[in-house]
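Survey of secondary and tertiary structure
Here are the chains, one letter per residue:
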Amino acid sequence: MLRDMSNDLEMRLAAFRQLAALNASGPTLRWADLQYGFEFDGRRYLLATQQGIWKPKEMDYVLSLRTGRGPDAERYIDHHVAEQSAQYESVERIQYAFRGDDAEHRDNKSLVSAFAAGVPLIYLLAVGVGEYIAAAPAYIAAVDKLNLRCDLVFGSLDRGPAYGIPDEAERREGMRAFRARVTQATR
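Keep in mind the model is a prediction, meaning the values are calculated, not measured. (Residues numbered from 1 in each chain as written. Predicted model: local features only at pLDDT ≥ 70, side-chain atom pairs only at ≥ 80, totals over all residues. Heavy atoms only, no water.)

1. A word on the environment of C150
- For C150, the position within the fold is in strand 9 (residues 149-154).
- Residue class for C150 comes out buried when judged on its relative accessible area of 1%.
- Along the primary structure C150 and A97 are separated by 53 residues, whereas in three dimensions their C-alpha atoms are 6.6 Å apart. (Helix = DSSP H or I, 4+ residues; strand = E, 2+ residues; numbered from the N terminus. Buried < 20%, exposed > 50% of the residue type's maximum accessible area, 1.4 Å probe, protein only.)

Have a look at this one:
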């Protein structure tokens, strides 16, 4: 039996609207902005958590993915993304590490579920302590359980949180916009 996903979609739209308002103030967001979150149906929800993979219990799918900084994050493949921004001139995807080393962990299973459903996500790239670049909509384009990671692609900013992975031209535009934000934030 299929679940009614209208609540998930409405919450996702509220989160994306708040993120767009935050992004309008500059290339990076502070952790406090993300913790303030967004409002939906009279309640406040976080845009992200320290855990990295965030799914509010009221939602059906993951809302956001966050990279980390510091010694706890160094073992993840996405830790040095900001420092390696020049490499994104030729790539169309970004790799995001699963949580831990168990592909069957509930957070990792939620990534697989989001991939299968084609839901739009928020991707938060740490560029400093408590400082992030937000890219949305992001989509999980491939899952690699063996190597404990997934590939992310981006849609264009005017797309909004439409479901389904964008076509090649839109992915190129989304990646171009992401690269521009990384370059602007890391100058």
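2. Section: the side chain of N23
- Within the element layout of this structure, N23 appears in helix 1 (residues 6-23).
- Polar contacts involving the side chain of N23 include one to the side chain of R181, which spans 2.8 Å.
- Ignoring any residue separated from it by four or fewer positions in sequence, one finds N23 in contact with L29, A134 and R181. (Polar contact = N/O pair within 3.5 Å; in protein donor to acceptor, adjacent residues only side chain to side chain. Contact = heavy atoms within 4.5 Å.)

3. Re the side chain of T67
- Following the sequence through the fold, T67 ends up in the loop between strand 5 (64-66) and strand 6 (94-97).
- Since its relative accessible area comes to 2%, T67 is described here as buried.
- A polar side-chain atom of T67 sits 2.7 Å from the main-chain amide nitrogen of A126.

4. Looking at the pairing of strand 9
- With five of six residues buried, strand 9 is to be regarded as a mostly interior element.
- Bridge count between strand 6 and strand 9: four bridges; the pairing is antiparallel. Bridging from a neighbouring strand, Q95 pairs with D151 of strand 9.
- By the bridge criterion, six bridges tie strand 8 (residues 131-144) to strand 9 in an arrangement that is antiparallel. Bridged to D144 within strand 9 is R149.
- Between the end of strand 8 and the start of strand 9, which pair antiparallel, lie four residues, with L148 showing a positive phi angle near 55°. (Pairing = 2+ DSSP bridges.)

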